[in-house]
Amino acid sequence: MADVNRGNRPLSPHLTIYRPQMTSMTSIFVRITGNALIVAALMIVWWFAAAATGPEAFATADAFLRSWFGDLVLFLSVWAMWYHLLGGVRHLIWDTGRMLKVEQAETLGLVMIIGSVLMTIFTIIVT
C-alpha cells in the first residue's frame, strides 16, 4: 500500500538547521579515528608481511612508511589512538551516570581534545 502522507511529514533536523554540539562532534570524531586506526594498522601489517616476504618487498614497504606521508599517517595515528582511548574513557564515565549534564559533558569533550593533543606531544617527545 502506498504511503499517501509522504509529502506531509515534518523533516527531521538536518545539517542546515542543527547546530553541532561538542558531544556530537567529539562522538563523530571518535568513530572517524576508529576507522582511521584500521588503515594505520593495515599499513603496519603490510610492513610486517613485507618483512616476512623478502628484501625487495620490505624495501618498498619501508620506504613508504619512512616517507613524509608515512610519517604523517603514523603521527596522526598516535593522536587518533589517544583520542579514541579518551573517548572510550568518556563513555565509561557516562555509563556510571556521571558527568551527564550539558556543561560537564562539554567540559569532558574539551578534556578529550586537549588531553589527546598533550599526550600525543608527550608520546612523540618520549619516543
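The coordinates are above.
Computed from a predicted structure; not experimentally measured.

*Asks:* What am I meant to see in the overall build of the chain here?
*Replies:* Regarding its fold elements, the chain presents four helices and zero strands. Here the chain holds 127 residues, and 25% of them are scored as buried. Put simply, 66% of the contacts in the chain that link residues at least 6 apart link residues at least 24 apart.

*Asks:* What's the story with the packing of aromatic side chains in this structure? I'm lost.
*Replies:* Here a ring pair, both rings aromatic, is described through the centre-centre distance and the interplanar angle of the planes. According to the stated counting rule, one finds six aromatic pairs in the structure shown. Here the aromatic rings of Trp-47 and Phe-48 are separated by 5.2 Å at their centres, their planes lie at 65 degrees, and the arrangement is edge-to-face. Trp-47 gets classed as partly exposed once you look at its relative accessible area, which sits at 26%. Every member of this aromatic cluster is reached through a ring pair, and the members are Trp-46, Phe-64, Trp-68 and Phe-69.

*Asks:* Explain the environment of Val-39 to me, please; I cannot follow it from the model alone.
*Replies:* Of note, Val-39 is situated in helix 1 (residues 22–53). In the structure, Val-39 is positioned 38 residues away from Ser-77 in sequence and 9.2 Å away in space, judged by C-alpha atoms.

*Asks:* Can you walk me through the environment of Leu-86 in this structure?
*Replies:* Within the fold, Leu-86 resides in helix 3 (residues 68–95). According to the relative accessible area criterion, Leu-86 is buried, its value standing at 18%. The spatial distance from the C-alpha of Leu-86 to the C-alpha of Gly-115 is 8.0 Å, given a sequence separation of 29 residues. Those residues in contact with Leu-86, other than ones at most four positions away along the chain, are Val-111, Met-112, Gly-115, Ser-116 and Met-119.

*Asks:* When you look at the environment of Val-30 in this model, what are you seeing that I'm missing?
*Replies:* When you line up the elements, Val-30 lands in helix 1. Val-30 sits in the buried class, given a relative accessible area of 14%. Each C-alpha atom of the pair Val-30 and Tyr-83 lies 7.0 Å from the other, and the pair is 53 residues apart in sequence.

*Asks:* In this structure, what is going on with the pattern of salt bridges? I would like to understand it.
*Replies:* Where charged atoms from two side chains of opposite charge come close, those side chains can pair. In total, this model carries one salt bridge according to the counting rule given. Between Arg-66 and Asp-62 there is a salt bridge whose closest N-O contact spans 3.1 Å. In this structure Asp-62 comes out as buried when scored by relative accessible area, which is 16%.

Quick notes on the rules
- Residues numbered from 1 in each chain as written.
- Predicted model: local features only at pLDDT ≥ 70, side-chain atom pairs only at ≥ 80, totals over all residues.
- Heavy atoms only, no water.
- Helix = DSSP H or I, 4+ residues; strand = E, 2+ residues; numbered from the N terminus.
- Buried < 20%, exposed > 50% of the residue type's maximum accessible area, 1.4 Å probe, protein only.
- Contact = heavy atoms within 4.5 Å.
- Phe/Tyr/Trp six-rings, centres within 6.5 Å; stacked < 30°, edge-to-face > 60°.
- Salt bridge = Lys/Arg side-chain N within 4 Å of Asp/Glu carboxyl O.

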